[in-house]
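# Chains, contacts and geometry: an overview
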Amino acid sequence: MTGTELLSVRGLVAGYGAAPVLRTIDLSIPVGTITAVVGANGAGKTTLLRTLSGLVRPSAGQIRLDGEELGRLPVEHRVRRGMAHVPEGRGVIAELTVEENLRLGGLWRRDRADVRRALDEVYQLFEPLARRRRHAGHQLSGGERQMLALGRALVARPRLLLLDEPSLGLAPRVTAQIMALLRQLRNNAGLTVLLVEQNVRSALSVADQGVVMSLGRVVIDTAAAELRDDDQLRHAYLGF
Ligand code: ATP
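Predicted model, so just to flag it, every value in this text is computed and none were measured.

### Focus on the sheet that holds strand 4 (residues 58-65)
Within the open sheet, the 4 strands sit side by side as 2-1-4-5. Their pairing is antiparallel. Pairing within the sheet leaves two strands with one partner each, and these edge strands are strand 2 (20-30) and strand 5 (68-69). Bridging between strand 1 (residues 5-15) and strand 4 involves 6 bridges; their strand directions are antiparallel. By the bridge assignment for strand 4, Val9 is matched with Ile63. Sheet contacts for helix 1 (residues 45-52): strand 1, strand 2 and strand 4; angle to strand 2, the most-contacted strand, approximately 70 degrees.

### Notes on the confidence of the model for the protein
Scored by pLDDT, the protein has a mean of 92; 99% of the residues are at 70 or more. Within the protein, helix 10 (residues 231-238) has the poorest average pLDDT of any element, 83, and strand 8 (residues 192-196) the best, 98.

### A look at the domain arrangement of the protein
Taken domain by domain, the protein holds domain 1 (14-82 + 158-240) and domain 2 (92-157). Computed over C-alpha atoms, the centres of domain 1 and domain 2 are 23 Å apart. Between domain 1 and domain 2, the residue contacts involve 15 residues of the former and 12 residues of the latter. With both sides pooled, the region where domain 1 packs onto domain 2 buries about 1200 Å², and carbon together with sulfur makes up 79% of that total.

### Topic: the site of the ligand
Around the ligand, a shell composed of Tyr16, Val21, Ala40, Asn41, Gly42, Ala43, Gly44, Lys45, Thr46, Thr47, Glu88 and Gln198 is seen. Within the contact set of the ligand, an oxygen atom lies 2.5 Å away from a side-chain nitrogen or oxygen of Thr47. Relative to its unbound accessible surface of 630 Å², the ligand loses 56% to contact with the protein. With 3 residues, the top contributor of residues to the shell around the ligand is helix 1.

### Some points on the nonpolar core
Leu102, Leu129, Leu150, Leu161, Leu163 and Leu195 are the most contacted members of the largest nonpolar core, which has 46 residues in total. A domain-level breakdown of this core finds at least three residues from each of domain 1 (14-82 + 158-240) and domain 2 (92-157). The residues contacting Leu161, other than those within four sequence positions of it, are Ala84, Val86, Leu150, Ala153, Leu154, Leu182, Leu191, Thr192, Val193 and Leu194. Membership of the second largest hydrophobic core comes to 25 residues, among which are Val9, Leu48, Leu49 and Leu162.

### What about a nonpolar patch on the surface?
On the surface, Ile93, Leu104, Leu107 and Trp108 cluster together into a nonpolar patch covering about 330 Å² of accessible area. Note that Trp108 resides in the loop between helix 3 (98-104) and helix 4 (112-125).

### Looking at the environment of Leu6
Position of Leu6 among the secondary structure elements: in strand 1. For the pair Leu6 and Arg57, spaced 51 residues apart in sequence, the C-alpha to C-alpha distance is 21 Å. Those residues in contact with Leu6, other than ones at most four positions away along the chain, are Ile29, Pro30, Val31, Arg64, Leu65, Asp66, Arg159, Leu160 and Thr192.

### Focus: the layout of surface pockets
To find leftover empty space, a probe the size of one water molecule is rolled over the atoms. If you add up the space inside the largest pocket, you get close to 500 Å³. Elements that contribute at least two residues to the lining of the largest pocket include exactly helix 2 (75-80), strand 6 (83-86) and helix 6 (142-155). Residue classes in the lining of the largest pocket are distributed as 15 nonpolar, 4 polar and 4 charged. Taken together, domain 1 (14-82 + 158-240) and domain 2 (92-157) each give at least three residues to the lining of the largest pocket, which thus spans both. For the second largest pocket, the calculated volume is near 340 Å³.

### What about the packing of helix 4 against helix 6?
For the pair helix 4 and helix 6, interaxial distance at closest approach is 9 Å and the crossing angle is 150 degrees. Taken together, the axis directions place helix 4 and helix 6 in an arrangement best described as roughly antiparallel. Viewed along their axes, helix 4 and helix 6 form a crossing whose handedness is right-handed. Of the residues in helix 6, those touching helix 4 at Val115, Ala118, Leu119, Val122 and Leu125 are Gly151, Leu154 and Val155. Considered class by class, the residues forming the contact of helix 4 with helix 6 number 7 nonpolar, 1 polar and no charged.

Basis of the calculations
Residues numbered from 1 in each chain as written. Predicted model: local features only at pLDDT ≥ 70, side-chain atom pairs only at ≥ 80, totals over all residues. Heavy atoms only, no water. Pairing = 2+ DSSP bridges. Helix = DSSP H or I, 4+ residues; strand = E, 2+ residues; numbered from the N terminus. Contact = heavy atoms within 4.5 Å. Axes fitted to C-alpha atoms, helices over the stretch in contact; angles between N-to-C directions. pLDDT = per-residue confidence, 0-100. Domains from an automatic or database assignment. Buried area = accessible area lost by both parts, 1.4 Å probe. Near = heavy atom within 4 Å. Polar contact = N/O pair within 3.5 Å; in protein donor to acceptor, adjacent residues only side chain to side chain. Areas by Shrake-Rupley, 256 points an atom, 1.4 Å probe, with all protein chains shown as cover. Core = buried A, V, L, I, M, F, W, Y, C linked by side-chain atoms within 4.5 Å. Buried < 20%, exposed > 50% of the residue type's maximum accessible area, 1.4 Å probe, protein only. Patch = residues over 30% accessible without salt bridge, like charges linked within 9 Å, V, L, I, M, F, W, Y side chains within 5 Å. Salt bridge = Lys/Arg side-chain N within 4 Å of Asp/Glu carboxyl O. 1 Å grid on protein atoms, 1.4 Å probe; cavity = no way out; pocket = protein on both sides within 12 Å on 5 of 7 lines; lining within 4 Å. Points joined across faces, edges and corners; volume = space filled by probe spheres on them. Nonpolar A, V, L, I, M, F, W, Y, C, P; charged D, E, K, R; others polar. Parallel < 35°, antiparallel > 145°, perpendicular 65-115°, else oblique. Left-handed = near helix turned anticlockwise from the far one by under 90°.

Structure follows, in structure tokens:
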């Protein structure tokens, strides 16, 4: 961990109508770290990721990636600057093959040779995808779809990965594999990850930082180990 800030969020307010869902969010995410974002249903975690990736337009505040204000930049420009968002529900296109889905991750990239290399790396990381590269999205299991969604994001060669509920519907063994992979990508490639998870224990087991959201605000922002190990904090904010 270098401590250099990759993502900076200041006074972010956003929502879907008149009433804001995010009510003044401040966050500082250092490069090469994993931050777990946890909190009750409806706290605004998904809305935070959607606002960072440009799907929801903020009504106030700043989002800076590596010092650059993202303002009202559309999604594809954020992808070009190194943000990749894996949404809840995964967004795998059922009619396209595994390979075609993966290629979508490289759509905005000019270096076609590196897209090919990235594809090969994804096949090495996720062996079931290599075996099923010509299968359609709808033929995959839940775990394979999650691998595909994650793989597609990696083909974009992101600096910042925004992951929404990657463990949803997965067997504990597959969840553990995905968490191990995130750790590996952080350690070996310096990837920075914002990980929204209902599976708080899994998320905190891999995270460096832990952020607890409640009613559209950040109520705790601390070392993941502290959230994991401090009984009072856990009882008060995470209910276990
Ligand atoms: P969950 O774990 O249930 O996904 P969350 O913390 O991710 O919860 P959000 O999904 O961001 O929370 O939802 C925050 C609030 O925004 C909720 O009150 C929800 O009803 C509302 N909301 C979410 N999506 C929309 C939408 N597309 N239109 C209107 N309101 C929405």
